[in-house]
Amino acid sequence: MSTVDGPSGGRPRFFDTRTAYMMFITTTTEKAEVAARIAREARLVAPGPDSFRLFDAGLGDATVLVEVMRSLHALRPHVPWLVVGKEISIEDVRIALDRLPDRFHEHPEMVFVVTNMTYGEATNLRPGPGKGELSWRSTALEGATTVGFARQIRDLHDTLAEDWQVTTSPTTGNPVYVRPAVHVIYRKDREFILRRVLPDPSTYRAAFDLIIASQPYRARTSAEHKVRTVIAPLARALAPGGRLLGIHAYGHDPGMEIIHTLWPDEDPFRTDRRALLAEAARQLSSPADGDLVMEEWDDSESIFRYEMRTMPVEAKEHIGTSAILAAWNAAAYVAQIDEKRMEEAVAFGAYHDGTRLVLKRYGRVWFNNESFVIRREPA
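Residues numbered from 1 in each chain as written. Predicted model: local features only at pLDDT ≥ 70, side-chain atom pairs only at ≥ 80, totals over all residues. Heavy atoms only, no water.

1. Concerning the overall build of the protein
The cut-off we apply is this: Helical segments are the DSSP runs of H or I of at least four residues, strand segments are the runs of E of at least two, and each set is numbered from the N terminus. The cut-offs for exposure are 20% and 50% of the maximum accessible area for each residue type, with area from a 1.4 Å probe on protein chains only; residues under the lower value are buried, those over the upper are exposed, and the others partly exposed. Residues are treated as being in contact if the distance between any of their heavy atoms lies within 4.5 Å. Under the convention used here, a 1.4 Å probe and the Shrake-Rupley method define accessible areas, while residue burial counts only the protein chains that appear. All tallies of charge rest on Lys and Arg as positive and Asp and Glu as negative; His and the ends of each chain are not included. Lysine's charge is taken at NZ, arginine's at CZ, aspartate's at CG and glutamate's at CD.
Along its length, the protein carries 16 helices and twelve strands. In terms of overall dimensions, the protein has C-alpha extents of about 60 × 50 × 40 Å along its principal axes. Relative to its 379 residues, the protein shows a buried fraction of 55%. A separation of at least 24 residues holds for 85% of the contacts in the protein among residues at least 6 apart in sequence. For the protein, the exposed area adds up to about 16,400 Å²; of that, 52% sits on carbon and sulfur atoms. Taking the 47 positively charged and 52 negatively charged side chains of the protein as two groups, their mean positions are separated by 2 Å.

Okay, structure coming up:
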């Protein structure tokens, strides 16, 4: 989950540890359902003149993106790709790149780019004024085997660690890059085919056919801030005929019922898709943005569900400790409960009875995401 937030003003940080994240992705179907929703959208987009250009605004560890690339290959196996991923975490970048050897083998005509820059900078692969000198590196992978690609990508880890140093923002408390960085990876034996796809730092301009914005902001951030810092710069990077797919948590599910057993007035999802699209229409009102369309969907099109996986023996015979802990972790992760409250709920066992009650009521736990699209009219 790659997120931004406004000035913290001393506000407690969202509890977003690697352990919480790993438990969430291994005990829920969220990643698979998000990837399926993205793949459905990809079928509506035609490639540009030289490639299919995809931007992932929250690369993370590439669990979703790799599944999307599998679907894209099945859809258009011979179209060159430019795939750009934005990610500030070096740990996620390492994991993401380590997932790529199979993708380079199945789809050789791919250029993969990873950057640590902000949303407004990352689409153009260019830092803003005063942000420091850009570190731009390219790696042409030798050979044609996954074991060879994996070895060469692992050899990049130290260089990536050097480029992906971060510091803490004094205003938001979020990590920010020390130096803007771009790393381009492709297969050397496809360089001739990809010469029009490979980005050049002096001439590159954003023009993406599909932009993925899955959980790219804190739930509690205002609509104005979400659009200004994330949605608007991404929408402006769309090519003619391109589509931006936004996905975020919606609530109104057993997961939020678990949270309400401890904090009845908790309301993390204050900005729904309609409010975001209305704000996007307001901010994207210049003549240059006149061909951007905010698609209005009803709930049946927008909202989709994912579930927590439960061991069959626990579901049928009893609700075990592991199921309760997994359900609680997922609910707190989705609701973005701050670290202080999370620690208190766990330390005193306050989460246990309420979580067990919801599990017993429904027999399972599910969560709702909602989605929306901003598209650019074809030329």
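Having seen the model, we can carry on.
2. Some points on helix 15 (residues 339-347)
Note the cut-off: By arc we mean the arc of the directions from the helix axis to the C-beta atoms, nothing more. Counting of polar contacts relies on pairs of N or O atoms within 3.5 Å, with two restrictions inside protein: one atom must be capable of donating a hydrogen and the other of accepting it, and residues adjacent in sequence are counted only when both atoms are side-chain atoms.
Arg341, Met342 and Ala345 are the residues of helix 15 that are buried. Buried residues of helix 15, viewed axially, fall in a sector of 100°; they line one side. In this structure, helix 15 carries Lys340 and Ala347 as exposed residues pointing more than 90 degrees from its buried face. Measuring from the backbone nitrogen of Lys340 back to the side-chain oxygen at the start of helix 15 gives 3.3 Å, which picks out Asp338 as the cap. In the segment just after helix 15, Gly349 is the residue with positive phi, at about 70°.

3. A look at the nonpolar core
Applied cut-off: Each nonpolar core is a collection of buried residues, namely Ala, Val, Leu, Ile, Met, Phe, Trp, Tyr and Cys, held together in the definition by side-chain atoms within 4.5 Å.
If you look at the biggest cluster of nonpolar residues, it comprises 41 residues, and the most contacted ones within it are Leu234, Leu244 and Ile374. At seven residues, helix 9 (residues 223-235) tops the list of elements feeding residues into this core. Sequence-distant contacts of Leu244, that is, excluding residues within four places in its chain, are made with Ile211, Ala213, Ile231, Leu234, Ala235, Leu238, Phe372, Val373 and Ile374.

4. Some points on unusual backbone geometry
Notably, Gln215 is not glycine yet its phi reads approximately 50°, a positive angle. Position of Gln215 among the secondary structure elements: in the loop between strand 8 (208-214) and helix 9. Phi is positive for Gln336, which is not a glycine, with a value near 55°. Turning to its location among the elements, Gln336 is positioned in the loop between helix 14 (321-335) and helix 15.

5. Brief notes about the side chain of Asp92
Within the secondary structure, Asp92 is located in helix 4 (residues 90-98). Overall, Asp92 belongs to the buried group, its relative accessible area being 9%. In contact with Asp92, other than residues within four places in its own chain, are Arg18, Gly60, Asp61 and Glu87.

6. Describing the packing of aromatic side chains
Our working rule: Side-chain rings of Phe, Tyr and Trp (the six-membered ring for Trp) are treated as a pair once their centres are within 6.5 Å; stacked means planes under 30 degrees apart, edge-to-face means over 60, and tilted covers the remaining angles. When the NZ atom of lysine or the CZ atom of arginine is within 6 Å of a ring's centre and also within 35 degrees of its normal, the charge is said to sit over that ring.
In this structure the tally under the stated criterion is nine aromatic pairs. Between Phe24 and Tyr306 the ring centres are 6.1 Å apart and the planes differ by 90°, which places this aromatic pair in the edge-to-face class. Taken together, the residues Phe24 in helix 1 (residues 18-27) and Tyr306 in strand 11 (residues 303-307) connect sequence positions 282 residues apart. Exposure remark for Phe24: the relative accessible area of 3% places this residue in the buried category. Judged by its relative accessible area of 1%, Tyr306 falls in the buried class. Their ring planes at 75° and their centres at 5.3 Å tell us that Tyr362 and Trp366 sit as a pair that is edge-to-face. Relative accessible area serves as the criterion here: at 30%, Tyr362 is assigned to the partly exposed category. Grouped by ring-pair contacts, the aromatic residues Tyr21, Phe24, Tyr306, Tyr333 and Phe367 constitute a single cluster. Its end group placed over the ring of Phe192, Arg195 keeps NZ or CZ at 4.3 Å from the ring centre. Positioned above the aromatic ring of Trp263, the side-chain terminus of Arg341 is 4.8 Å from the ring centre.

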